Amino acid sequence: MLTHSELERIANELRIDIIKAIYNAKSGHPGGSLSAIDIITYLFFNEIKRTPENAFDPDRDRFVLSKGHGVPALYAVLARLGLIEYNELMNLRKLGSRTQGHPSYQDLPYVEASTGSLGQGLSIAIGIAIAGKLDKKNYNVYCMIGDGEMQEGQIWEALMSAPKFKLDNLCVILDYNKSQIDGYIKDVMDLEPIESKLTAFRWNVMEIDGHDFDEIEKAIQTFKKILDKPSFIIAHTIKGKGVSFMEDNIEFHGRAPNEKEFEQALIELQKLLKEKWVKQQG
Amino acid sequence: MGKATRLAFGETISNLGEINKDIVVLDADLSKSTTSYIFAKKFPERFFELGIQEANMIGISAGLALSGKIPFCCSFACFITGRYDTIRISVAYTKANVRIIGTHAGIGIGEDGTTQMGLEDVSLMRSLPNFSVCQPCDEIETRELIKYSIQHKGPMYIRLTRQSLPVIFNEDYVFEFGKGVTVAEGNDAVIFATGALVHEALKAHEILKNESIGLKVINIHTIKPIDKELIIENAKKFGLVFTAEDHSIIGGLGSAVSEVLAENYPTKVIRIGLPNVFGESGSPESLYKKYKFDGESVAKTIKANL
């Protein structure tokens with residue numbers, strides 16, 4: 001188990017990798033990758049504990065990234081864990097790479113499912129969770145959905161169905177970064193009130209700061225204790241978190257930084273690492 | 001008259017459920033119609049009722065397949081293939097080992113009308129990489145196809161009828177995936193037919209026999225991958241090819257045969273099927289007559305083009 005300070009340091013190092021990968025690709029989704037990276041880092045390092053050895057273990061915990069456009073964050077974690085090469089991460093979106101623009105299960109089975117056409121990953125996660133129950137396995141299934149994605153009809157079908165099957169091995173995490181391509185969620189198609197909707201749908205609902213490792217851990221530990229119903233974590237996040245000019249800037253939902261922006265982003269992220277962790281060590 | 005192919009499916013899958021514990025069946029509030037209820041009664045713990053949520057059901061099937069199960073995901077052909085993008089990404093692109101069961105194929109369902117008729121489903125499913133598309137023509141072939149599907153690797157779309165169909169094959173029939181089956185010989189014309197229309201083609205064979213015209217009838221149970229060699233071989237022999245399906249002529253069996261011939265042995269193809277229209281309500285017999293699917297009309301179409 002890594003300390004929260006170690007997780008925070010890793011997540012910030014991975015932010016640099018994400019920015020580099022998207023800059024190399026000259027396209028991609030930095031905003032939603034940076035908002036998701038803290039949660040994905042926590043899950044893979046402290047819960048799922050994925051290694052090259054357990055990657056296909058039938059008892060492994062699963063993580064399905066339903067918001068497939070955030071995949072640079074997932075690739076960055078997979079690279080850090082040694083499941084893919086660092087240069088594969090840097091070949092994001094390039095011809096012949098396993099690091100496709102959106103997760104492709106046939107190219108890279110560590111992603112657990114092909115996603116990116118929004119609204120579909122949660123149903124797949126439910127299927128995996130049902131199989132776990134059928135086979136009396138103890139694995140957990142984590143599924144991250146996007147807030148814009150939550151406007152999809154299939155998501156609500158899925159939200160209606162998981163409690164029916166008493167899937168207490170399923171934990172959905174909403175990366176609630178408040179914006180989508182065409183604008184703020186509240187203007188495009190408001191989701192609120194999310195908490196009461198989900199409670200009415202018979203989920204165990206929790207609300208956290210998705211960048212605070214104490215809160216992430218607490219919610220996941222609560223999920224693991226709740227019986228007979230699935231859990232839903234509303235994780236309030238900041239789109240583009242960690243790079244000042246990307247934060248809460250819809251422009252960076254789906255565009256790569258140019259050279260100047262790239263350099264500026266690296267300066268900021270490196271400065272953050274240096275100040276916080278070098279100082280701590282000193 | 002034999003059984004509807006949907007019923008043969010329900011009976012077969014509930015028998016196979018005893019042997020293979022990985023089989024799971026899902027339905028979206030149509031289990032009585034698709035006949036998946038037979039499995040549900042026998043194996044309630046391996047049957048999942050999703051209510052009227054076809055897209056979610058398809059995705060859940062994909063997740064079950066990714067966890068080693070063999071899901072049979074059932075609904076009407078039109079409703080289930082209508083959730084195309086979920087099939088495209090969650091099943092086809094993921095290459096999840098799901099069997100999509102689409103019952104109530106074609107105008108043959110009759111009175112319920114267009115909204116319940118699968119008329120473009122083959123066209124949709126045939127265009128998806130990794131997918132195989134099959135349509136059996138009687139209860140025996142259905143049983144053998146479903147048995148085969150357990151070992152098949154990759155997603156399959158299986159198209160079944162609401163209406164009962166005569167029995168063509170014997171108990172010892174061997175299903176060969178991807179291979180056409182000659183069900184009647186003839187030396188003057190050839191027709192490739194699938195599903196319910198195999199029987200109409202056989203009726204046409206009998207009618208034409210009385211007029212000394214020999215119609216060869218080939219049953220195509222696997223529409224994708226299609227039996228290329230058999231099609232080319234027969235095109236060479238007859239110089240003209242007929243196709244028949246209870247489906248749109250756009251993208252179905254007729255298109256599949258035409259594609260093979262256009263690239264390999266350009267031959268005129270006359271397609272019997274729905275000509276770029278929706279269906280309508282009516283008795284199955286009256287609809288088959290109106291759209292020239294019945295044996296008599298098939299015989300007339302063949303004679304008129306010879």
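Residues numbered from 1 in each chain as written. Chains lettered and ligands numbered in written order. Predicted model: local features only at pLDDT ≥ 70, side-chain atom pairs only at ≥ 80, totals over all residues. Heavy atoms only, no water.

Here we take up the overall build of chain B. Of regular secondary structure, chain B possesses 13 helices and 12 strands. Taking 2.2 N^0.38 as the reference for a compact globule, 306 residues should give roughly 19 Å; the C-alpha atoms of chain B span a radius of gyration of 18 Å, in line with that estimate. Its C-alpha atoms give chain B principal-axis dimensions of roughly 55 × 40 × 40 Å. Expressed as a percentage of its 306 residues, the buried residues of chain B come to 65%. Accessible area of chain B: about 11,200 Å², with a carbon and sulfur share of 50%. Distance between charge centroids for chain B: 2 Å, based on 33 positive and 36 negative side chains. (Helix = DSSP H or I, 4+ residues; strand = E, 2+ residues; numbered from the N terminus. Rg over C-alpha atoms; globule rule 2.2 N^0.38 Å. Buried < 20%, exposed > 50% of the residue type's maximum accessible area, 1.4 Å probe, protein only. Areas by Shrake-Rupley, 256 points an atom, 1.4 Å probe, with all protein chains shown as cover. Lys, Arg positive; Asp, Glu negative; His and termini not counted. Charge placed at Lys NZ, Arg CZ, Asp CG, Glu CD.)

All names here are of chain B. Here chain B is partitioned into domain 1 (5-159) and domain 2 (181-305). Computed over C-alpha atoms, the centres of domain 1 and domain 2 are 25 Å apart. The interface is formed by 30 residues belonging to domain 1 together with 32 residues belonging to domain 2. Buried area between domain 1 and domain 2, both sides added, is near 2,200 Å², and the carbon and sulfur share of it is 53%. Here domain 1 and domain 2 share 1 salt bridge between them. Taking the shortest distance from any N to any O, the salt bridge between glutamate 259 and arginine 126 comes out at 2.9 Å. The tally of links between domain 1 and domain 2 comes to 24 residue pairs in polar contact (both at pLDDT 80 or more). Put simply, the parts of the chain that give the side of domain 1 that touches domain 2 at least two residues each are helix H7 (121-126) and strand E5 (132-134). (Domains from an automatic or database assignment. Contact = heavy atoms within 4.5 Å. Buried area = accessible area lost by both parts, 1.4 Å probe. Salt bridge = Lys/Arg side-chain N within 4 Å of Asp/Glu carboxyl O. Polar contact = N/O pair within 3.5 Å; in protein donor to acceptor, adjacent residues only side chain to side chain.)

The element helix H6 (residues 153-161) of chain A is largely enclosed, with a buried count of 7 among its 9 residues. Taken together, the buried positions of H6(A) are A:Gln154, A:Ile155, A:Trp156, A:Glu157, A:Ala158, A:Leu159 and A:Ser161. At its buried positions, H6(A) is contacted by helix H5 (121-134), strand E2 (141-146), helix H8 (194-200) and strand E7 (231-236) of chain A together with helix H4 (54-66) and helix H6 (84-93) of chain B.

The next subject is the state of the cysteines. Residue and element names in this part refer to chain B. This structure, assessed with the given rule, holds 0 disulfides over all chains. With no disulfide of its own, cysteine 73 lies 6.8 Å from the sulfur of cysteine 74, the closest cysteine sulfur. With no disulfide of its own, cysteine 78 lies closest to cysteine 73 among cysteine sulfurs, the gap being 14 Å. (Disulfide = S-S within 2.5 Å.)

Turning next to the packing of helix H2 (residues 30-47) of chain A against helix H9 (residues 213-225) of chain A. All names here are of chain A. Running from N to C, H2 and H9 point in directions that differ by 55 degrees, and their axes come no closer than 10 Å. Overall, the two elements H2 and H9 adopt an arrangement that is oblique. Note on packing geometry: the crossing formed by H2 with H9 is right-handed. Taking contact as the criterion, the partners of Asp38, Ile39, Tyr42, Leu43 and Glu47 in H2 are, on H9, Phe213, Ile216, Glu217, Ile220, Gln221 and Lys224. In terms of residue class, the contact of H2 with H9 is built from 6 nonpolar, 1 polar and 4 charged. (Axes fitted to C-alpha atoms, helices over the stretch in contact; angles between N-to-C directions. Parallel < 35°, antiparallel > 145°, perpendicular 65-115°, else oblique. Left-handed = near helix turned anticlockwise from the far one by under 90°. Nonpolar A, V, L, I, M, F, W, Y, C, P; charged D, E, K, R; others polar.)

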